[in-house]
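Residue strings, one per chain:
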Amino acid sequence: MKVSINRDLIVYEEDDEILLINMKKNTFHSLDAISSIIWKKIEFYKKIDDVIEFIYQNSDGEKEIITKDIQEFVINLERVGVLRIV
């Protein structure tokens, strides 16, 4: 699964949190510290499998749970217009 980030999005980072602002829809979404790490990896890798592998290699979580959680996170971001699954 590969993603494309919405071009109308402004990403604002403060401390360990990220605020995603969709200028076209006038909506915003706040990411906590863990979600912010995943977001940064999505921006870097663009491929969700690579994000999952990075998180798995750098945590003590089970790969199946990490995969499920990240896929749900990405689907939710697509649903609110932050990114698109391509």
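Refer to the structure presented above.
Residues numbered from 1 in each chain as written. Predicted model: local features only at pLDDT ≥ 70, side-chain atom pairs only at ≥ 80, totals over all residues. Heavy atoms only, no water.

Draft legend 1. The arrangement of the sheet that holds strand β3 (residues 17–22) in detail. On the basis of which strands lie adjacent, the open sheet formed by three strands has the order β2-β3-β4 and antiparallel pairing. With one partner strand each, in any of the chains shown, β2 (9–14) and β4 (27–31) form the two edges of the open sheet. With direction set aside, neighbouring strand axes in the sheet form an average angle of 20 degrees. Of the strand pairs in this sheet, β2 and β3 are connected by six bridges, and their pairing is antiparallel. Across the sheet, V11 pairs through a bridge with L20, a residue of β3. (Pairing = 2+ DSSP bridges. Helix = DSSP H or I, 4+ residues; strand = E, 2+ residues; numbered from the N terminus. Axes fitted to C-alpha atoms, helices over the stretch in contact; angles between N-to-C directions.)

Draft legend 2. Molecular detail of the environment of E13. Positionally, E13 belongs in strand β2. E13 gets classed as partly exposed once you look at its relative accessible area, which sits at 43%. Considered as a pair, E13 and D69 are 56 residues apart in the sequence and their alpha carbons are 22 Å apart. Of the polar contacts made by the side chain of E13, one reaches the side chain of K40; its length is 2.8 Å. (Buried < 20%, exposed > 50% of the residue type's maximum accessible area, 1.4 Å probe, protein only. Polar contact = N/O pair within 3.5 Å; in protein donor to acceptor, adjacent residues only side chain to side chain.)

Draft legend 3. Helix α2 (residues 48–57), seen in detail. For α2, the complete set of buried residues consists of I48, V51, I52 and I55. Angularly, the buried residues of α2 cover 100 degrees about the axis, an arc narrow enough to put them on a single face. (Arc of directions from axis to C-beta.)

Draft legend 4. Structural view of the pairing of β4. As defined by bridge partners, β3 adjoins β4 across five bridges and the pair is classed as antiparallel. Bridge pairing links N22 to T27 in β4. The loop that links β3 with its antiparallel partner β4 comprises four residues; one of these, N26, has a positive phi angle of about 55 degrees.

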